[in-house]
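The residues making up each chain are set out below.
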Amino acid sequence: MRSSNPVFSRRGFSRAGGYAGFDAQQQPQAGNPYANNPYAANPQSGNPYAQQPNPYAAQQTQTPGQPYAAPTAPPSAGRMTMDDVVARTGMTLGLVVVAAAVAWLTGLSLGLALGAGLVAMVLGFVQAFKRKASPALILAYAAFEGLFLGALSNYVNQWVNGAAMQAVLGTMAVFTAVLVMYKTRIIRVTQRFYRFVMAAAIGFVLLMAVNLLFAAFGGGDGLGFRSGGLGILFGVIGIVLGALFLALDFKQVEDGIAYGAPKEEAWLSAFGLTLTLVWIYMEFLRLIAILQGDN
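A brief report on the enclosed structure follows. As a convention, each chain's residues are numbered from 1 in the sequence order in which they are written. Whole-chain, interface and lining totals are the exception, using all residues; otherwise, since this is a predicted model, local features are given only for residues with pLDDT of at least 70 and side-chain atom pairs are given and counted only at 80 or more. Water and hydrogen atoms play no part in the side-chain values, which are based on all heavy atoms of the structure.

Secondary structure summary: the protein contains seven helices and zero strands in total. Split into buried and exposed, the 295 residues of the protein put 45% on the buried side. Contacts are assigned to residue pairs that have any heavy atoms within 4.5 Å of one another. Long-range pairs, those at least 24 residues apart, make up 72% of the contacts in the protein with a sequence separation of at least 6. The protein chains shown are the only cover counted for residues, whose accessible areas, like all others here, come from Shrake-Rupley with a 1.4 Å probe. For the protein, the exposed area adds up to about 15200 Å²; of that, 66% sits on carbon and sulfur atoms. Strands here mean DSSP runs of E at least two residues long; helices mean DSSP runs of H or I at least four residues long; both are numbered from the N terminus. Working definition: with a 1.4 Å probe on protein chains only, accessible area under 20% of the residue-type maximum means buried, over 50% means exposed, and in between means partly exposed.

Right, dumping it as structure tokens:
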């Protein structure tokens, strides 16, 4: 099974490997709206999270004769809001659900589903490396991803009755739990948190890639990371990683709104949230299939 890897879709990564808000040493880059890091370290205070000038704030001009003009707040028009994020995330996830329902009801073959999954992966990578959001590209990704998920879920559900619904409920539970813990500050996205998540995610993806290579050339399940006891362990790890990436997504949304990110950035937030939720759903579906497959 293919997983849409949220590691490669974090908007705000710099080419130097930093995350917007945590890389105090990165240099501004042309075209990067997050180049002026609002959380960069303040060399005078020693506070690693001291705020720098808002990267989205409008440049102030000085009128002759008024050397001490008062600073003005960034205009709200054209800025990202929570309503924008919710609306675009609803559109993107809604399209995933509709496409999945079509694939399920029409009995889309696994061959066509795998083709749709490959197209979704390519579209996801293209958007991940674009500097600006492309709504058409994001919605196209959602449609193809939905076809893949619908056909795959139907196949697994025939083998393990109720697996798809259990995976949906599990994904919703994880999303709700992480949102509550983030809002109550039980989860705090810091530089250490980010580095831990990235290191764990890279290690996880590398292990899965090695397992896939062994499976492709040696047959079976490769090194056994996706079946039996190890499969259960790695399934749980995959779900936990998805939950941690949700916290990074929430941080991205919070920072974008706080610093007046352009309205189109809401599409990127919706894209990131969709990728992460798809990851969590896939891991739940795989885990349920392993746990109940022998019943």
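Before going further, it helps to examine a nonpolar patch on the surface. The patch calculation keeps residues exceeding 30% relative accessible area without a salt bridge and links them within 9 Å when they carry like charges or within 5 Å when they are nonpolar (Val, Leu, Ile, Met, Phe, Trp, Tyr). Any carboxyl oxygen of Asp or Glu within 4 Å of a side-chain nitrogen of Lys or Arg constitutes a salt bridge here. Together, Leu-118, Met-121, Phe-125 and Phe-129 make up a nonpolar patch on the protein surface, roughly 410 Å² of accessible area in all. Looking at where Met-121 falls in the secondary structure, it is placed in helix α2 (residues 110–128).

Following the sequence through the fold, Ala-100 ends up in helix α1 (residues 82–106). Spatially, the C-alpha atom of Ala-100 lies 5.9 Å from that of Leu-149, the residues being 49 residues apart in sequence. Ignoring anything within four residues of it in the chain, the contact list for Ala-100 reads Gly-146, Leu-147 and Gly-150.

For the rest of this paragraph, the subject is the pattern of salt bridges. As enumerated under the stated definition, the model contains four salt bridges in all. Salt-bridge contacts for Glu-254 lead to Arg-185; the nearest nitrogen and oxygen are separated by 2.6 Å. One end of the pair, Glu-254, is in helix α6 (residues 228–258); the other, Arg-185, is in the loop between α4 (163–183) and α5 (191–218), with 69 residues separating them in the sequence. By relative accessible area, Glu-254 is classed as partly exposed at 28%.

A separate point is the packing of aromatic side chains. Side-chain rings of Phe, Tyr and Trp (the six-membered ring for Trp) are treated as a pair once their centres are within 6.5 Å; stacked means planes under 30 degrees apart, edge-to-face means over 60, and tilted covers the remaining angles. What the rule picks out here adds up to six aromatic pairs. Measuring from ring centre to ring centre gives 6.4 Å for Phe-125 and Phe-129, while their planes differ by 10°; the resulting arrangement is stacked. Take Phe-125: its relative accessible area is 36%, and that puts it in the partly exposed class. Take Phe-129: its relative accessible area is 64%, and that puts it in the exposed class. An angle of 85° between the planes, with centres 5.6 Å apart, marks the rings of Tyr-141 and Phe-271 as edge-to-face. Residue Tyr-141 is located in helix α3 (residues 135–159), and its partner Phe-271 is located in helix α7 (residues 265–292); the two are separated by 130 residues in the primary sequence. Given the relative accessible area of 1%, Tyr-141 is considered buried. On the basis of relative accessible area, Phe-271 is assigned to the buried category, the value being 3%. Within the aromatic cluster, the residues linked to one another by ring pairs are Phe-175, Tyr-182 and Phe-250.

Turning our attention to the nonpolar core. Take the buried Ala, Val, Leu, Ile, Met, Phe, Trp, Tyr and Cys residues and link them wherever side-chain atoms come within 4.5 Å; each set so joined is a nonpolar core. Counting 59 residues, the largest nonpolar core has Val-174, Val-178, Phe-193 and Leu-246 as the members making the most contacts within it. Taken together, the elements giving at least two residues each to this core come down to α1, α2, α3, α4, α5, α6 and α7. Among the elements that make up this core, the one with the highest residue count is α7 (17 residues). Not counting residues up to four positions away in its chain, the partners in contact with Phe-193 are Ile-187, Arg-188, Leu-244, Ala-247 and Leu-248.

You will see that Arg-185, though not glycine, has its phi angle at about 65°, which is positive. Relative accessible area serves as the criterion here: at 34%, Arg-185 is assigned to the partly exposed category.

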